[in-house]
Amino acid sequence: MKPVENLRISWRSIRGHKLRSTLTTLGVIIGIAAVITFVTLGASLQEDIVGQIGGEEASSILTWVGPEGQDQAPGFGAEPVFSPADVGGIADIETVETVIPYTIWLSDRLRVGEETVIRQEAVRITSPAFLEDEDFRAGANFAAGTNEAVLTPNAAAMFPTNVSVGDSITVLRGNRTRSLSVVGILNASDSLGAVEGFQGTPRIYTSPEAVGETRFLFLYVEATGPETVDATKEDVRRYLEEDSVASVDLPADYVFKLQTSEDLLSQVREILNLLTGFVTGIALISLVVGSIGIANIMLVSVTERTREIGIMKAVGAQRRDVLTLFLTEAVILGLVGAVVGAVLGAVVGFAATEVIGIDAYVFPLQWALIAAAIGILVGIVSGLYPAWNAARTDPIEALRYE
Amino acid sequence: MRRPPLPPSLTEVSGFLTSWSQSPALSGGLNSDRPVAWGMDARETVPAVALREVTKTYQVGEPVHALRDVTLTVPRGSYTAVMGPSGSGKSTLMNVVGCLDTPTSGSIELDGEEVTTMSDRERTRIRGDKVGFVFQTFNLMPRLDALENVAMPLVFRGAGRAERNERATEVLERVGLGNRLRHRPNELSGGQRQRVAIARALVTDPALVLADEPTGNLDSETGRQIMGLFEDIYDEGNTILMVTHERYVAEHAERIVNMLDGEIERIEDLDAAGAPETEVGP
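Residues numbered from 1 in each chain as written. Chains lettered and ligands numbered in written order. Predicted model: local features only at pLDDT ≥ 70, side-chain atom pairs only at ≥ 80, totals over all residues. Heavy atoms only, no water.

Caption draft 1: How the structure looks around the packing of aromatic side chains. All names here are of chain A. Under the criterion given, the structure shown has 9 aromatic pairs over all chains. Ring centres of F82 and F256 lie 6.1 Å apart, and the angle between their planes is 40°; on these two criteria the pair is classed as tilted. In this pair, F82 is assigned in the loop between β1 (60–67) and α3 (84–91) and F256 in strand β12 (residues 254–260), connecting sequence segments 174 residues apart. For F82, a relative accessible area of 0% translates into the label buried. Grouped by ring-pair contacts, the aromatic residues Y102, F130, Y205, F218 and Y220 constitute a single cluster. (Phe/Tyr/Trp six-rings, centres within 6.5 Å; stacked < 30°, edge-to-face > 60°. Helix = DSSP H or I, 4+ residues; strand = E, 2+ residues; numbered from the N terminus. Buried < 20%, exposed > 50% of the residue type's maximum accessible area, 1.4 Å probe, protein only.)

This is the structure:
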């Protein structure tokens, strides 16, 4: 029998049972679509996060102190131990371009004019270099060593009357009050790094001198380039452990943590891959259920068509012909399911990224190809036994079958 | 009817034929004034089917002997009816001759080829090439139309579509269904379905047409028409072996093989008018 005849006959018999074939394929469609959706979501989420972390920060090292242990989130357990002297000391290392301190200065309240809001974590102490590459909606970056401050848009909107450039904000902690002068408002409230989390909470950036802060939670060490970042990391670690002021203040069981964006990325990837793998595993179960559906339908179909198999054999169909016919039918069901499922999965995955608010959309092409391969495989595996059953049908019995 | 096994050479087969028939009228009647599809070459002397001491035993608890040492030759271009009550072995005879089943012992030559020692694959090929089946229940593919049903045996021989359709159309026209090519079995009457089945049996130009109670599911008038069609294809030179338990159906044949308990009880030779002429007892 010619392959094209085989395809034609199989396709005909699939079309002969439209509802049954559709329902059978639906099992595979749902399975493949679920797998593709979750893989797409995982890949898109990863791309989104990687895009936020990676890029220009490829040569920066986040430094903090934390309890001993592996694989902790960036900034976990951070204590304010870094002094301006350490900032200077690290800056003296040859391959270090800049050192940017960063700390969350805890306040009790913030006041603009007569309006007071209660905010503890809004004030961020850093150097102007931290905002160097940002776009400003109004005004400009703050100057080092002054009481100038820059607000994120959502921080400016915290107060009943919107804060604008030229206003002054009073920050209160205990019985101390400090006055900040607003010189700029950023264009967006997005998080600017791992230490700010992913949320983009309201923030007021100012210099250490404005509030009299002398200890920092974090140091962003910028190496001269991505190629020197690993060596720089070791130099900074050596300095911190042997020569720094921070090493004196280091709490017991605490160590210096240095994390390049590459370290962070691999950590994030690891977590996301784990998560994606987990959810995909669940989706794979539905694919298995779908393939059992194909096997079941093919078995029913073989029984139902026993007589037809007998006729075909009587007129000269070889075992191989019968086997190929039924196998082709199963493979077509699996393949159609896989293709439709992959398209559906891509669409649902896209819709899900939109709904959840993931900024990236990555369609995992290799997974679409894997899905097609799985579809064919599911067809072969679930069709093999029924087809083999059909092929070895005894024509005499089959012709007598009612 | 036990005879010593014979070497399958042509001369001895024909000698065997004579000894078997014991009737000069038979051999004369077979090769006389009717056309033979394969012309007058050497193959003409090769019978369509030759069974020698064929035994088929089923093991169902205790052995059941469906066929016991059956020796029978079906000459090319002949029309033979096999009659007998249920359990006489006539269906088993059909199955082994049609290469659907293998005998326990003995030899079967189909168009000169020994089929008992063949593999399943070879037997299937022989079945497709040399045997055309006509069943009591028609056994058409329900989702295929008449043309496709008739063309189906050619699909498994790897024929191209145009060739298949041309050949199938030709045969359907021969059985009087040239205007029903695109009808499905459920759109055809019983008689028309059986005509489709006969066309399917003829489409490969087989050495033997095997018919199993071809009128069993038809009313008497339609049955008569179908028997008329069998006469026509017999007149065209086809070899027909038909199983039936109706005397009046069997009487359309040249001779009737009566079976009982797995053995050939007697063979009757009929003249053209359909009346018994000679009896060959065991």
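Now that the structure has been shown, we can carry on.
Caption draft 2: Here's a closer look at a nonpolar patch on the surface. Residue and element names in this part refer to chain A. A contiguous nonpolar patch, built from L335, V339, V343, V347, I376, I380 and L384 and spanning about 540 Å² of accessible area, is present on the exposed surface. Looking at the nonpolar patch, the elements with two or more residues in it are α10 (319–356) and α11 (365–391). At 4 residues, the largest contribution of residues to the nonpolar patch is made by α10. Position of I380 relative to the elements: it lies in helix α11. (Patch = residues over 30% accessible without salt bridge, like charges linked within 9 Å, V, L, I, M, F, W, Y side chains within 5 Å. Areas by Shrake-Rupley, 256 points an atom, 1.4 Å probe, with all protein chains shown as cover. Salt bridge = Lys/Arg side-chain N within 4 Å of Asp/Glu carboxyl O.)

Caption draft 3: Representation of the layout of surface pockets. Its boundaries defined by the atoms lining it, the second largest pocket holds a volume of some 770 Å³. Sorting the residues of the lining of the second largest pocket by element identifies α12 (395–400) of chain A together with β2 (62–74) and α3 (90–97) of chain B as the ones contributing at least two each. Residue contributions to the lining of the second largest pocket peak at 5 residues, all from α3 of chain B. Its residues assigned to classes, the lining of the second largest pocket shows 12 nonpolar, 13 polar and 6 charged. (1 Å grid on protein atoms, 1.4 Å probe; cavity = no way out; pocket = protein on both sides within 12 Å on 5 of 7 lines; lining within 4 Å. Points joined across faces, edges and corners; volume = space filled by probe spheres on them. Nonpolar A, V, L, I, M, F, W, Y, C, P; charged D, E, K, R; others polar.)

Caption draft 4: Structural detail: helix α9 (residues 306–314) of chain A. All names here are of chain A. Taken across its 9 residues, α9 has 9 buried, putting it largely inside the fold. Taken together, the buried positions of α9 are occupied by T306, R307, E308, I309, G310, I311, M312, K313 and A314. At the C-terminal side of α9, G316 shows a positive phi close to 110°.

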